[in-house]
Amino acid sequence: MHFLYWIDRHTGIYRAFSALMVLLVLLLVAWQINSDIEANLEVPLAEALGTYISTLESGTINSRAMGAAILFGLENREAKQLALGKLPPDAPKILSALNILRTVYFSDLAFLVNRQGVIAAYSSQDNTHGTGIDLSFRPYVEMAMQGTPNVYPAVGSLTSERGIFLAAPVRAGLDNTSKPIGTVVVKVGSIKLDALLKTWTGGPAVLLSPQGLVFAASREDWLFHIVGDMSKERLDRIRRARQFGKMFDQVQPLSLPFTVETASTRIDGVRHVVRSRPLEWDDPAGDWMLVLMDRRAPWWTHWSVLGLASLAGLMTALALFWLYTLARNAVLQQNNHRELSIAAATFESQEGVMITDTNKVIIKINHSFTEITGYTSEEAVGKTPAMLASGRQDEEFYRRMWETIKHEKSWRGEIWNKRKNGEIYPEQLTITSIFDVDGQLVNYVGIFSDITQRKSTEEEIHNLAFYDPLTKLPNRRLLNERLGHAMAASKRDGYYGALMFLDMDNFKQLNDTLGHAMGDLLLMEVARRITSCVREVDTVARFGGDEFVVMLSELDVDKTESTAQADIVAEKIRSILVDPYVLTIKHEGCPTATVEHRCSSSIGVVLFVGHSASTEEIFKWADIAMYQAKSDGRNLIRFFDPQSSNIKLEA
């Protein structure tokens, strides 16, 4: 009785204790839910870091410009001469080549550094001059002179503006193993880099130098601040690097309250999670780091309805489940809001955008869609993208494309489409599947850009690499490649081939008496005449100067018959090159000059079959036969005699 009475007297204590236990359980569950939400938020943050890193290492630094710079350093003859001091800095050909390199890849600067590390030629969008500046201390020049193409962000020595410098070696020869004799440099400005960082909506986005200095950021007031505490050692490293101009010679950068090792920090009173990842750039001082910060709301704001659960008693489990659902929806809404913000910015970008329903019917387009295709919103909405089809892709192409979208949720590639006016153009197209929160497909989004200019540029670079600019014939590099193919086919099928080495007799006399312009006209006519004497499967190439090479393939399996066929073609070429040349040249402000000129050619021929000899040996033997024709009196054809050199050409 006394025990029951005591319980009755202290019922309030038990009720209070029970309420406290319920509250503790709710707080424990709330803490667990909060941990789950934080873990879920880490996934999009890690994916965003990977996406931004990929963009910084490819699109933003303009990887196509790097490829062009490497090819420029290998192929451009004027660049090699300028690096060696054999051309003046204002030579028109080298300035024109640098202007093309700069303008085609939307770069701020393009310049050539000689072997002493001094700028020997310079091209900029504002026509400033920078020749004579010593850049030998720049790491990107040092690395290029060691044979390593590299990416190096820095503040420019001439403009004091931020940029990313793409440097490649100018090599003495035409292969990647020859000695570097200079450096070609392309500078990409920081505008695109800043714009990319500003697309991150979760919080500040920062690009840090190896010394911890902010080189680019979504917040302009953070530029050239340093993360963490400033020490004398760090300041000395920054000044010694000379990577950021002279801005810290007299002052030191301000500090920001975080480091790349920091897990979280407070920015403007709000907690932010800090995540970082290194970039694969080539700074000898160390790794560049991309840092993304994601703002996080206080944990208790996710559970503002928890007080209701304490009043539910036996309904606690249901209330917690409901609360957990609300919290997850809040996270999904936050992520959707970010995605919609990015999508809205993309929708009004310079790229064309079209949104279709699941039946592939267009429901919305942006202004750039109209500018690229010519179709207005009234003309496009309600139609399918088939209205743009050019006919260059067959049904199998589209079947594979949609099969990829079905399994991988997206597709990216190049495609030929047709504008409203009937013009066919190339475009870079990305198609992405859009799903709702339940995982149901709701839309397809197509984002595309007109790459006509890029295609034209790629073709121009290809022509510069493989064709002679005067005669439009294949050059030595393309001929080597075709000779290799012909030798492989000869080994497979047993057919002989022939290589002819042609040299114009007394060509120097024309250049010396009438000038190089007349000489160029003669060479173009020689190229036309030789080409008219061979088949489409054969190759006519110019080696330089007045030297031409003809490769005949698929002659005959019999050596005697093949020799006769090659002799017929060689005689046809020799005869047509003897005919008089009527050369007419026009100079602005001067009367037209017409000259009749006669010249002949000396031709050396060698037969080959399979891989019985190397390409270098075949060229050497044809050259020997050509010099034999010259020594025997010129205007002659001579076949190389392998017996005299104990060389066997049979397979």
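Rules behind the numbers
- Residues numbered from 1 in each chain as written.
- Predicted model: local features only at pLDDT ≥ 70, side-chain atom pairs only at ≥ 80, totals over all residues.
- Heavy atoms only, no water.
- Helix = DSSP H or I, 4+ residues; strand = E, 2+ residues; numbered from the N terminus.
- Contact = heavy atoms within 4.5 Å.
- Areas by Shrake-Rupley, 256 points an atom, 1.4 Å probe, with all protein chains shown as cover.
- Pairing = 2+ DSSP bridges.
- Axes fitted to C-alpha atoms, helices over the stretch in contact; angles between N-to-C directions.
- 1 Å grid on protein atoms, 1.4 Å probe; cavity = no way out; pocket = protein on both sides within 12 Å on 5 of 7 lines; lining within 4 Å.
- Points joined across faces, edges and corners; volume = space filled by probe spheres on them.
- Nonpolar A, V, L, I, M, F, W, Y, C, P; charged D, E, K, R; others polar.
- Phe/Tyr/Trp six-rings, centres within 6.5 Å; stacked < 30°, edge-to-face > 60°.
- Lys NZ or Arg CZ within 6 Å of the ring centre and 35° of its normal.
- Buried < 20%, exposed > 50% of the residue type's maximum accessible area, 1.4 Å probe, protein only.
- Polar contact = N/O pair within 3.5 Å; in protein donor to acceptor, adjacent residues only side chain to side chain.

(A) The overall build of the protein chain, seen in detail. Broken down by element type, the protein chain carries 19 helices and 24 strands. For the protein chain, contacts bridging at least 24 residues in sequence account for 57% of all contacts bridging at least 6. A total accessible area of about 34,200 Å² is found for the protein chain, and carbon and sulfur atoms account for 55% of it.

(B) Focus on the sheet that holds strand E24 (residues 637-639). Here we have five strands laid out as an open sheet, ordered E19-E20-E18-E23-E24, and mixed in their pairing. One side of each edge strand has no neighbouring strand; the edge strands of this open sheet are strand E19 (539-544) and E24. Averaged over all neighbouring strand pairs, the angle between strand axes comes to 20°, with direction disregarded. The pairing of E19 with strand E20 (residues 547-552) spans five bridges and is antiparallel. In the strand pairing of E20, Gly544 is matched with Glu547. Lying on the sheet, helix H18 (residues 559-578) is in contact with strand E18 (497-504), E20, strand E23 (601-608) and E24; it crosses E23 at an angle near 160°.

(C) Quick look at the sheet that holds strand E12 (residues 288-295). Ordered by their spatial adjacency, five strands build an open sheet running E7-E6-E12-E11-E10, and the pairing between neighbours is antiparallel. Single-partner strands in this sheet number two, and they are strand E7 (214-217) and strand E10 (264-267). Each neighbouring strand pair of the sheet contributes to a mean axis angle of 30°, computed without reference to strand direction. Pairing of strand E6 (residues 205-208) with E12 involves four bridges; the strand directions are antiparallel. Within the sheet, the bridge partner assigned to Ala205 lies in E12 and is Leu292. Packed onto the sheet, helix H7 (residues 191-198) meets E6, E7 and E12 and runs at close to 65° relative to E7.

(D) Main features of the layout of surface pockets. Its boundaries defined by the atoms lining it, the second largest pocket holds a volume of some 1,300 Å³. Around the second largest pocket sit 33 residues that line it, and Glu75, Arg77, Glu78, Leu464 and Pro469 are the ones nearest its centre. Tallied by class, the residues present in the lining of the second largest pocket amount to 16 nonpolar, seven polar and 10 charged.

(E) Region of the structure containing the packing of aromatic side chains. One pass over the structure, following the stated rule, counts 14 aromatic pairs. Through successive ring pairs, a cluster of aromatic residues spans Tyr140, Tyr152 and Phe165. In this structure, Lys360 packs its charged tip against the face of Trp402, placed 4.0 Å from the ring centre. The ring of Tyr425 carries Arg419 above its face, with NZ or CZ at 4.1 Å from the centroid.

(F) Representation of the pairing of strand E15 (residues 410-418). Burial along E15 is one-sided: the residues Trp411, Gly413, Ile415 and Asn417 are buried and none of Ser410, Arg412, Glu414, Trp416 and Lys418 is. Inspection of the sheet shows E15 paired to strand E16 (residues 424-435) by nine bridges, in the antiparallel sense. The partner of Arg412 across the bridge, within E16, is Thr430. Hairpin geometry of E15 and E16 is characterised by an intervening segment of five residues between the two adjacent antiparallel strands and by a positive phi of about 95° at Gly422.

(G) Inspection of the environment of Lys360 at higher detail. Assignment of secondary structure puts Lys360 in the loop between strand E13 (352-356) and strand E14 (362-365). When sequence neighbours within four positions are dropped, the list of residues in contact with Lys360 reads Lys383, Thr384, Pro385, Trp402 and Tyr444.

(H) Representation of unusual backbone geometry within the structure. You will see that Asp268, though not glycine, has its phi angle at about 55°, which is positive. When its relative accessible area of 67% is taken as the criterion, Asp268 is described as exposed. One non-glycine residue, Asn635, adopts positive backbone phi at about 55°. Position of Asn635 relative to the elements: it lies in the loop between helix H19 (615-631) and E24. Under the relative-accessibility criterion, Asn635 is labelled partly exposed at 25%.

(I) Expanded view of empty space enclosed by the protein. This model, assessed by the stated rule, comprises two cavities of 30 Å³ or more. Here the largest cavity is characterised by a volume of approximately 80 Å³. Lining of the largest cavity is provided by 13 residues; of these, Phe111, Gly156, Ser157, Leu158 and Phe165 occupy positions nearest its centre. Elements that contribute at least two residues to the lining of the largest cavity include exactly strand E1 (109-113) and strand E2 (119-124). Among the residues making up the lining of the largest cavity, the classes are represented as eight nonpolar, three polar and two charged.

(J) Representation of the side chain of Gln243. Following the sequence through the fold, Gln243 ends up in the loop between helix H8 (232-241) and strand E9 (255-256). Within the local environment of Gln243, its side chain forms a polar contact with the backbone oxygen of Pro153, the two atoms lying 2.7 Å apart.

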